[in-house]
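Okay, here's what each chain looks like letter by letter:
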Amino acid sequence: MATRGPRLEFAVGAFLVLALASLLVLAIASTNGRFGFSADSYELTARFTQVGQLRPNAPVKIGGVTIGRVARIDLDPEKFDSIVTLAIDSRFDAIPIDTSAGILTGGLLGESYVGLQPGGDMEVFKPGEELVFTTPAVDLIQMVGKYMFSGGGDNAAAGDAQPAPSAPEEGTTP
């Protein structure tokens, strides 16, 4: 039998260290570098009638730049609206109070995110306030269904028939 040498033990140890390091890198990458410590953020809320495929931890963007994350999505038991809580990075503490929020999609089949469109007001949001101007998510499947199945029957049949020529009024020459 062959005995284990120091080279084999070193190689196995190095392999294990590299495997653990790659798992650590994967864990950091999957959490976007955040481990649940949200000390450097403040919360804003927004009320939407339709959130579509928006999920917690989705990005919040202004002009394509990520400024925060969706902290949670709740349902208002009285109005049955979706209340989206946004965790905004504290570096972006001067968001105008007339800012509008919309649920957008990155590309045709990309992930949903909250897009903010800043207004021009000099007053800024304070932590815990609500964005008043919101636009709900657009349901692409529902929109395609409406386009495909609306107006095809009666309008197409009426469009194929030529209208009957109108009779000239009395006293006029044709």
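Structure: see above.
Described below are features of the structure shown in this document. (Residues numbered from 1 in each chain as written. Predicted model: local features only at pLDDT ≥ 70, side-chain atom pairs only at ≥ 80, totals over all residues. Heavy atoms only, no water.)

1. Describing the overall build of the protein
Here comes step 1: In terms of regular secondary structure, the protein is built from three helices and eight strands.
Here comes step 2: Ordering the α and β elements of the protein from the N terminus gives α-β-β-β-β-β-β-β-β-α-α.
Here comes step 3: A separation of at least 24 residues holds for 63% of the contacts in the protein among residues at least 6 apart in sequence.
Here comes step 4: For the protein, the accessible area works out to roughly 13000 Å², and carbon and sulfur atoms hold 61% of it. (Helix = DSSP H or I, 4+ residues; strand = E, 2+ residues; numbered from the N terminus. Contact = heavy atoms within 4.5 Å. Areas by Shrake-Rupley, 256 points an atom, 1.4 Å probe, with all protein chains shown as cover.)

2. Some words on the packing of aromatic side chains
Here comes step 1: Under the definition given, this model contains zero aromatic pairs.
Here comes step 2: The residue whose ring lies beneath lysine 61 is tyrosine 113, and the NZ or CZ to ring-centre distance is 4.7 Å. (Phe/Tyr/Trp six-rings, centres within 6.5 Å; stacked < 30°, edge-to-face > 60°. Lys NZ or Arg CZ within 6 Å of the ring centre and 35° of its normal.)

3. Concerning the side chain of threonine 45
Here comes step 1: Mapped onto the fold, threonine 45 is located in strand β1 (residues 41–48).
Here comes step 2: Setting aside residues no more than four positions away along its own chain, threonine 45 makes contact with Ile83, Val84, Thr85, Gly128, Glu129, Glu130 and Leu131.

4. Structural notes on a nonpolar patch on the surface
Here comes step 1: Together, Leu108, Leu109, Val138, Leu140, Met143, Val144, Tyr147, Met148 and Phe149 make up an exposed nonpolar region whose accessible area comes to about 1100 Å².
Here comes step 2: The residue tyrosine 147 is located in helix α2 (residues 140–149) in this model.
Here comes step 3: Relative accessible area serves as the criterion here: at 70%, tyrosine 147 is assigned to the exposed category. (Patch = residues over 30% accessible without salt bridge, like charges linked within 9 Å, V, L, I, M, F, W, Y side chains within 5 Å. Salt bridge = Lys/Arg side-chain N within 4 Å of Asp/Glu carboxyl O. Buried < 20%, exposed > 50% of the residue type's maximum accessible area, 1.4 Å probe, protein only.)

5. Description of the pairing of strand β4 (residues 82–89)
Here comes step 1: For β4, the tally of buried residues reaches seven of eight residues, placing the bulk of the element in the interior.
Here comes step 2: Across eight bridges, β1 lies against β4 in antiparallel orientation. Note on β4: the bridge partner recorded for leucine 44 is leucine 86.
Here comes step 3: Bridge analysis of strand β3 (residues 65–75) against β4 gives seven bridges, and the strand direction is antiparallel. Bridge pairing links arginine 72 to threonine 85 in β4.
Here comes step 4: Between the antiparallel neighbours β3 and β4 lie six residues, among them phenylalanine 80 with a positive phi of about 60 degrees. (Pairing = 2+ DSSP bridges.)

6. A look at the sheet that holds β1
The strands that make up a sheet pair up through hydrogen bonds in the backbone, lying either parallel or antiparallel.
Here comes step 1: Read from one edge to the other, the open sheet built from eight strands follows the order β7-β1-β4-β3-β2-β6-β5-β8, with strand pairing classed as mixed. Whereas interior strands pair on both sides, the edge strands pair on one side only; in this sheet they are β7 (130–131) and β8 (133–135).

7. Re the environment of alanine 46
Here comes step 1: Turning to its location among the elements, alanine 46 is positioned in strand β1.
Here comes step 2: Overall, alanine 46 belongs to the buried group, its relative accessible area being 1%.
Here comes step 3: Taking the C-alpha atoms as reference points, alanine 46 and leucine 131, 85 residues apart in sequence, are found 5.0 Å from one another.

8. Details of unusual backbone geometry
Here comes step 1: You will see that asparagine 57, though not glycine, has its phi angle at about 75 degrees, which is positive.
Here comes step 2: Tracing the backbone shows asparagine 57 in the loop between β1 and β2 (59–62).
Here comes step 3: By relative accessible area, which is 45% here, asparagine 57 ends up partly exposed.
Here comes step 4: Phi is positive for phenylalanine 80, close to 60 degrees, though the residue is something other than glycine.
Here comes step 5: Within the fold, phenylalanine 80 resides in the loop between β3 and β4.

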